[in-house]
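Tertiary structure, described
Letter by letter, the chains look like this.
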Amino acid sequence: DFFPGTLFRFPFRNDVTASQSEISKVQVTQDDAVDLLIEGLRTNLSKVLLFLRNVKKIEMHYEGEAESDVPELLYSAEVCSRVKVASEGYTNYGVQQIKKNLYPYVGGGIPSENEWNSISNFISVSTAGKDSFYSKLLSTPESKLPKTQHLVCIAFHEKERPNYCIQERLLVTATLNERIPSISDGNSVKITPASVTCEASNSSRKTEFQSTTDEFLVVTSLGGGRPQIMACNPKFRHMKLLPWGGVAAHLSRNGSMTPKCKGAAFCFLPLPSETGLPVHINGYFELSSNRRDIWIGEDLTGEGKIRCEWNNLLLSDVIAPLYVNLLLLARRLVGPGDKFHALFPIDSSSDVWRLVVKEFYRVAERRPLFYSKLNSGQWVVLDGAVGHGAVIVEEGASESMKIIMHRLCDALIREGIATVMLPRSIIDHLKREGCNAIEATPSWIRSWFKHPGPHPSLREKADALFLLKLCTNDLHEEKKYSELVGLPFLPLCDGNLGVINPGTLEGDVQSLSMFFVCSNMERELLCGASRFLVNVWTDDDDINNLLMSKEFHLSTNVSNLDRASFVLLLGTLFPEEWADLPEVRWDNYKNLEILPHSRKWISKLWHYIVSTSEHDQNFIEPFFNSWHILPAFVGDNEERTLLKISDDMAVVSPRKPFSIDAISGNIIRILNLIGVRVLDVDSFPVECREQILKTLLRNNYVQQPTGKGVVRAILNTFPPDIETGDLIRRISIRFRNLVDGKDNLRLFLASSTNGADADLEPNLVCTMRALPIFKVYSGNSGADEYSDIVGEVFLPPHDSDIYFLNNKFVKADSREDEIFFKDALKIKQMDKYEYFEKHVFPTFSRTELNANQEAALLGFLENFVQLSKSAGKEWTNRVAEKVLVPNMNGQNTKVNQLFDPTSPSVSPFLGETMLFPHKLFCQEDTLASLRILGLQTKPTPSGVLLTAMRVQSLAISENKTKAHELEAQKLGASLLRYLDDERNLQELVGWRTNQAIDSETENGISTVEADRSSSSGLLLPLDSAAKDFFEGLKLIRWVPVETFHQKADKLRPPIDPRREIVCVSPPNAMRLKEDAWLCSYTTDIVSLHVRSDLLKTLFGWDSVVSPLTIASQLLALAESFYEMKNVKGFRQHLGAAVLRCYEILDSEFLDNSRQDENKRVASLLKNKEWIWFGDGFARADQVAFEAPDNARPYLFSISSDLLCFSTLFKALGVKERFLASDYINLSALLSSELAGKSGTPAQVELAVVLAQLLDRLPLGERTTDLENMFLPAKDGSMHRATNMIFDDAPWLSSIVSSRSASKLTFVHPDIGHGVALSCGAKSFREAMTAFQNGMTSLPCPKAGALSQLFADRTGYAKGSREASVEDSRAILDLLELAEMKRTKRITVIFDHRSYKCESLIHPMLAKAQGPSISVCFHDTIIDEDSLVKLSSPSRYLTSSISGEGGCVLDGQG
């Protein structure tokens, strides 16, 4: 029958086999070696199941020698339940409550099986392989990687027999089921968590077992970050690294406290080494060669260094964060207290585990693992406790200190501080690892309460004094009271607490928080300032003595009150909103606690100031720029204000001391309206009023009651660095509400210019001119307008028209006004010629003039001769450049752009009305003035240029119309006809014919050039002015442009449709009509026929068309050929134009002096159709001087009538003959056109010819780029040659092709075998050999390799006992194999029997029929590949669970 499983049998070496073995001479005999092996497994059995995914139950049996003996159970371990633990839940939920809620699942199945195997399911890649898994791992975000967290219950049952000896057969059964079938007789063994009973069919004995139930919290995950990147690195994939880690905490045993846990290291199965941590650590570690320890070391190189680096990353980046997550889960399972604190790492067995401790605390300080009673109890992070963390020591304090610490703790809790109580050991470890574990020392308490903000613990004054006293405990000895600076513990007279600051008396009292010790009299004078007075009458004498001590005053902001302090405190009596204001509106206050509360209080204050400063000449100085104590009036309603005393205030005294003369009430009202303050003298005490007034005026605090003083007061109302524009604007705002009184104020200020105040400072003059109290002109309105006269303001010239006078002219009502403006305010009277230039002419525009402007212009021209003499030549030149005189169309223009209508020389232009002045200005006296200003009497170069510019302005105007374009073309045509007459040209530039003029040079520079007319042969000298004239004329757009029909059926040269259609163009961008077929695509064509050869030469119209233009025209001709080839006469024009184009290119392109342009021509023609082949155009790469006749329309040859241009064609890429790449590219083009379909006979013939032409080429040419060569198949379709077969075995191909027609594509039969082979096709015989397969054999490990492996495993053991103990881990290897292959059921038998030879599977196994270990994998068949991997020594050393291997890739690794 078929057995769906795999059986392994490992016989023990006996005396004979051990002596003959090449692997090891060690043998297992009938002594205590087997006992030790079994005992070694018993001690670790509960831990063995902790991190396994599949095997959940292990039993150990033994069997006697007799035939009737049945297996007897020694001990067992099983996973009772695995309950998933949620990450969030109620605080202090408890283990028992979780078990209660989930009890229906416990013992009756495992509801979280999928969650427990989520990592294994993620890793499993059944078919894709290792690379696919690592790609999946690398692309998965860390937050999406699988994680598990379970409460695992493991029961251990042990037989009540303290000592037993194993000399029989032993049976170890590991299964997934609760009931395990026996191998011997079919009976079963059933185990319950409470008790275990062993039964046998032939025995009635019952054995009782003791049970121990352990509960573990287990968290596992795949890590991200650096381990994820390293594992997925292609350089390390051969090591099969996996960032898998886990941590397990022993929470309880039989429902009670657990003994102190000795943490063990796991590689899914336990390693012999201990970590010294209170938890178990599992990881996908790289192990040492003996598989006892993880790979570590500092001076490693090569792969050993990589293994060490991997272990370090796994511990720091995966294990340590998992450890923290485990404690986060344990919070609600265990709750705060000693049991929870016992899970924190304190010690470690070696430096490698020390890394876990270090990283644990680095992560833990940012996680809520620390319990605080804040908010009725909560878990906090160290960074969230007291800013950077607060830790208060719970143990080791006396009773009195406990009272203090608890009172301090209560105070800190009220502060909202997450106060944490921890054992000293954890506190010391937090500090050792550099965490924020801060104890509440006096220094720390001071630092906390120095933080700004509300402090709820200070609501009771007694608590504040308690904290103050506590904070000074470490300061009395050295008197370091400066450490108290910043504490808000200072008791004040108003019942509040003040902040202790550094001691200083400079600056503002309130901002520096100054406090003073004062007498009762001073406290009465400073009513409302008790918040700055220290209360030194508390119930604690120690505190009172501290506050009054000299040492305390020297270090803090507390001092005795002196006169300067009184002045500083005075400001606190005023409303807070006045603090930053230089002036405040003020009236009597009803609240007597707010000062100044009345005018009477102000009077008393000034009386106190004067009476306490009898011997001080300037008794006001201590109050300078301090508080608002100076009374004044301002505004229309004479509102009261208080000002800070400062220099040069904007305050005017109404009278002088001891004088009854005062400023009039009308002026005072005006000053109040414009913002100037008037001193309130009546608010001063009568007995010292004159003394106060004298002091204020003597020290320039307030201004004298004079005109000069008023102007100075006005100026002082603004910032000292104010700009003039801002000054004018702000003064204008001040005077906005002043309707009447401007004349009175101006008269008052004018009167101050006499006597002592006549000499005003420049800033006062500027301020006076900025006042809007002066009358200025406002054009032809005639109304009086008030304005300032800042800037350039003038008195107008006599007999001026008010139409042209604006606010830049001041109005003088009398001769006395003129004197005042000229002498006092320094205002000049404007000259008449300046008046015309700056104020009359700027009003002219290019439109028609109004009556005022015409009258002014005629008057100006009538008096122009006299004005020009007084103004000078420069002024005359400036006027000539202005747009002044209207032409006959009514448009204003410059005088030098107009012609004299009385001159006979301008008769050709008489029809152009725009070139002559309006009839109003054609009187002789007016024309005489215009001639001085540049009126043209005959055509001149400048006049021609101006006319050409006029044409251009009409053509390019933004608001141009069709009429403008027609007018521009008409005027341009007239100008062109004028210039087309050589006599006009000679007269225009002053040429003299039949006379050779030598070139005159100055400083080596030629100033005269000569051009020769192509028609007359006359030498016409061209001086620099004439040359500049023609160069300028060539750049102006004035020549009319020819327009061609746009219809396709009309004969015309090609035109670029993207070009803008223009009516005129500059001469240098145009060609004549006879060159239209050579350049029409890129160049405008002159619409008129030009006769003058001289004009052609001057404008360059007789030069050869540039090669770049010719190249563009050729491309345009090629493009228009297919559109216009049927138009009558087109082919004749095209043939002549193409030949002419080739002639120009042939003569110009090969000119070495035009290399840059030639490169541009070559670039333009590259990959474009421009070579004429009689019925169309082709690209240069499609043309050769030799080409196959049947290659059209793909390849062409140069026609015989164009061979004369062979040099040109070769220079531009035409080849002598086609190359291999041309044939290959053409074959690819054919394949693309057919797109898998069969070609026509002509196309197939062309494809065959291409292959033959390619084969005829030299071998070195045709072997390039054959991957892109396409050949025709038998059905006429095109295929890549390298994928095709040529039939060199027809007797076999007929059979094969009928069976695999879709796999083989045969070359067309017209292509020979040699041609097909040279084109890249394969022979049929070669293709057939590619389908043959070989065979593989299973390799067997060498004896030397196995011997070395055995020595590495047991080489450190000193005797057979130690070696046997080490070999107890062989059972773990078997469990590892079962776990790796995901076997549902396995059976391991320690078989001491010797079997007969006839039971052998193979005769060679006769020597291996003695005692053995047999392993049966139920429901698992090991394939050949797995057998090869399992039989290799390297696999044995890097296994799936304790190193690398099968768990990674579906048991196949």
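Reading guide: rules and limits
Residues numbered from 1 in each chain as written. Predicted model: local features only at pLDDT ≥ 70, side-chain atom pairs only at ≥ 80, totals over all residues. Heavy atoms only, no water. Helix = DSSP H or I, 4+ residues; strand = E, 2+ residues; numbered from the N terminus. Buried < 20%, exposed > 50% of the residue type's maximum accessible area, 1.4 Å probe, protein only. Areas by Shrake-Rupley, 256 points an atom, 1.4 Å probe, with all protein chains shown as cover. Salt bridge = Lys/Arg side-chain N within 4 Å of Asp/Glu carboxyl O. pLDDT = per-residue confidence, 0-100. Contact = heavy atoms within 4.5 Å. Pairing = 2+ DSSP bridges. Axes fitted to C-alpha atoms, helices over the stretch in contact; angles between N-to-C directions. Parallel < 35°, antiparallel > 145°, perpendicular 65-115°, else oblique. Left-handed = near helix turned anticlockwise from the far one by under 90°. Nonpolar A, V, L, I, M, F, W, Y, C, P; charged D, E, K, R; others polar. Polar contact = N/O pair within 3.5 Å; in protein donor to acceptor, adjacent residues only side chain to side chain. Phe/Tyr/Trp six-rings, centres within 6.5 Å; stacked < 30°, edge-to-face > 60°. Lys NZ or Arg CZ within 6 Å of the ring centre and 35° of its normal.

1. Side note on the overall build of the protein
A count of helical and extended segments in the protein gives 54 helices and 49 strands. Evaluated residue by residue, the protein yields a buried proportion of 49% over its 1453 residues. Accessible surface for the protein amounts to roughly 71,500 Å². Of this, 51% is attributable to carbon and sulfur atoms.

2. Points about the pattern of salt bridges
Tallied over the full model, the rule gives 45 salt bridges. Taking the shortest distance from any N to any O, the salt bridge between lysine 469 and aspartate 540 comes out at 3.9 Å. Note that lysine 469 is positioned in helix α15 (residues 461–471) and aspartate 540 in the loop between α17 (520–525) and α18 (541–548), a separation of 71 residues in sequence. The partly exposed category is assigned to lysine 469, whose relative accessible area is 36%. A salt bridge links aspartate 1175 to arginine 1131; the shortest N-O distance between them is 3.6 Å. Placement of the pair is aspartate 1175 in the loop between β40 (1171–1172) and β41 (1177–1178) and arginine 1131 in helix α41 (residues 1130–1148), with a sequence separation of 44 residues. Given the relative accessible area of 39%, arginine 1131 is considered partly exposed. The structure contains a network of salt bridges with shared partners spanning Glu286, Glu303 and Arg307.

3. Concerning the confidence of the model for the protein
Residues at a pLDDT of 70 or more form 79% of the protein, whose mean pLDDT is 78. Every residue in residues 992–1019 scores below 50 in pLDDT, and together they form 48 contacts with partners more than four places removed in sequence or on other chains. Overall, residues 1331–1337 carries pLDDT values under 50, and its contacts beyond four positions in sequence, including any with other chains, amount to zero contacts.

4. Describing the pairing of strand β49 (residues 1412–1418)
Taking burial as the measure, the seven residues of β49 include seven buried ones, the bulk of the element. Here strand β1 (residues 5–11) runs beside β49; their pairing, made up of seven bridges, is antiparallel. Looking at the pairing, phenylalanine 10 lines up with isoleucine 1413 of β49.

5. Some thoughts on the packing of helix α34 (residues 941–956) against helix α35 (residues 962–979)
The contact between α34 and α35 brings their axes to 8 Å, and the two run at 155°. When the axis of α34 is compared with that of α35, the two are roughly antiparallel. When you trace α34 past α35, the crossing you get is left-handed. Counting all contacts with α34, which are made through Val944, Thr947, Ala948, Arg950, Val951, Leu954 and Ala955, the residues of α35 involved are His964, Glu967, Ala968, Leu971, Gly972 and Leu975. When its residues are assigned to classes, the contact of α34 with α35 shows eight nonpolar, three polar and two charged.

6. Brief notes about the pairing of strand β12 (residues 280–283)
Because side chains alternate across β12, one face comprises the buried residues His280 and Asn282, and the other comprises Ile281 and Gly283, equally buried. Pairing of strand β9 (residues 244–253) with β12, which is carried by four bridges, proceeds in the antiparallel orientation. Pairing of valine 247 across the sheet is with isoleucine 281, part of β12. Relative to β12, strand β10 (residues 264–266) is paired through two bridges, and the arrangement is parallel. When the bridges of β12 are listed, phenylalanine 266 appears paired with asparagine 282.

7. A look at the side chain of serine 457
Locating serine 457 in the fold gives a position in the loop between α14 (442–449) and α15. Judged by relative accessible area, serine 457 falls into the buried class, the value being 1%. Within the structure, the side chain of serine 457 is placed 2.6 Å from the side chain of glutamate 415, a separation counted as a polar contact. Excluding anything up to four places from it in sequence, serine 457 contacts Ala411, Arg414, Glu415, Phe449, Asp463 and Leu467.

8. Details of the sheet that holds strand β21 (residues 583–585)
Across the sheet, which stays open at both edges, the five strands sit in the order β21-β23-β22-β25-β24 with mixed pairing between neighbours. Two strands bound the open sheet, and with one partner strand each, they are β21 and β24 (651–652). Across the face of the sheet, helix α21 (residues 599–611) comes into contact with β22 (628–634) and β23 (639–644) while running at roughly 130° to β22.

9. Description of helix α20 (residues 563–570)
With respect to burial, α20 is a largely interior element, six of its eight residues being buried. Those residues of α20 that fall on the buried side of the exposure criterion are Ser565, Phe566, Val567, Leu568, Leu569 and Leu570.

10. A word on the environment of serine 118
Within the secondary structure, serine 118 sits in helix α6 (residues 118–123). Along the backbone, serine 118 and proline 146 are 28 residues apart, and their C-alpha atoms lie at a distance of 6.1 Å. If we ignore the near neighbours within four places in the chain, the residues touching serine 118 are Pro146, Lys147 and Thr148.

11. Quick look at unusual backbone geometry
Look at asparagine 375: it is not a glycine, yet its phi comes out positive at around 55°. Inspection of the secondary structure puts asparagine 375 in the loop between β13 (370–372) and β14 (378–380). Its relative accessible area of 58% is what places asparagine 375 among the exposed residues. The residue asparagine 700 is not glycine, and still its phi comes out positive at about 60°.

12. Points about the packing of aromatic side chains
Tallying each qualifying case throughout the model produces 46 aromatic pairs. Between tyrosine 323 and phenylalanine 360 the ring centres are 4.6 Å apart and the planes differ by 45°, which places this aromatic pair in the tilted class. On the criterion of sequence distance, the pair formed by tyrosine 323 in helix α9 (residues 302–334) and phenylalanine 360 in helix α11 (residues 351–364) is long-range, its members being 37 residues apart. Each member of the pair tyrosine 323 and phenylalanine 360 is classed as buried. Residues phenylalanine 774 and phenylalanine 821 carry aromatic rings whose centres are separated by 6.3 Å and whose planes lie at 65° to one another, so their mutual orientation is edge-to-face. One end of the pair, phenylalanine 774, is in strand β26 (residues 774–776); the other, phenylalanine 821, is in helix α28 (residues 815–824), and 47 residues separate them in sequence. With a relative accessible area of 1%, phenylalanine 774 lands in the buried category. Three or more aromatic residues joined by ring pairs make a cluster, and in this case those are Tyr323, Phe340, Phe344, Phe360, Tyr361, Phe370, Tyr371 and Trp379. Against the face of tryptophan 116 rests arginine 53, its NZ or CZ located 4.0 Å from the ring centre. Positioned above the aromatic ring of phenylalanine 1185 is the side chain of lysine 1210, whose terminal nitrogen or guanidinium carbon lies 5.5 Å from the ring centre.

13. Digging into the packing of α34 against helix α37 (residues 1024–1035)
Relative placement of two packed helices is described by the angle separating their axes and the distance separating the axes. Contact pair α34 / α37: the axes reach a minimum separation of 10 Å and the direction vectors enclose 5°. In terms of their interaxial angle, α34 and α37 are classed as roughly parallel. Taken together, the residues of α37 that come into contact with α34 (itself represented by Pro941, Val944, Leu945, Ala948 and Gln952) are Phe1029, Gly1032, Leu1033 and Leu1035. For the contact of α34 with α37, the residue count by class is seven nonpolar, two polar and no charged.

14. Here's the deal with helix α24 (residues 707–716)
Counting buried residues along α24, eight of its 10 residues qualify, which places the element largely inside the surrounding structure. By the burial criterion, the buried members of α24 are Gly707, Lys708, Gly709, Val710, Val711, Ala713, Ile714 and Leu715. On the buried face of α24, the contacting elements are β24, α22 (665–673), α26 (742–751) and α27 (762–769).

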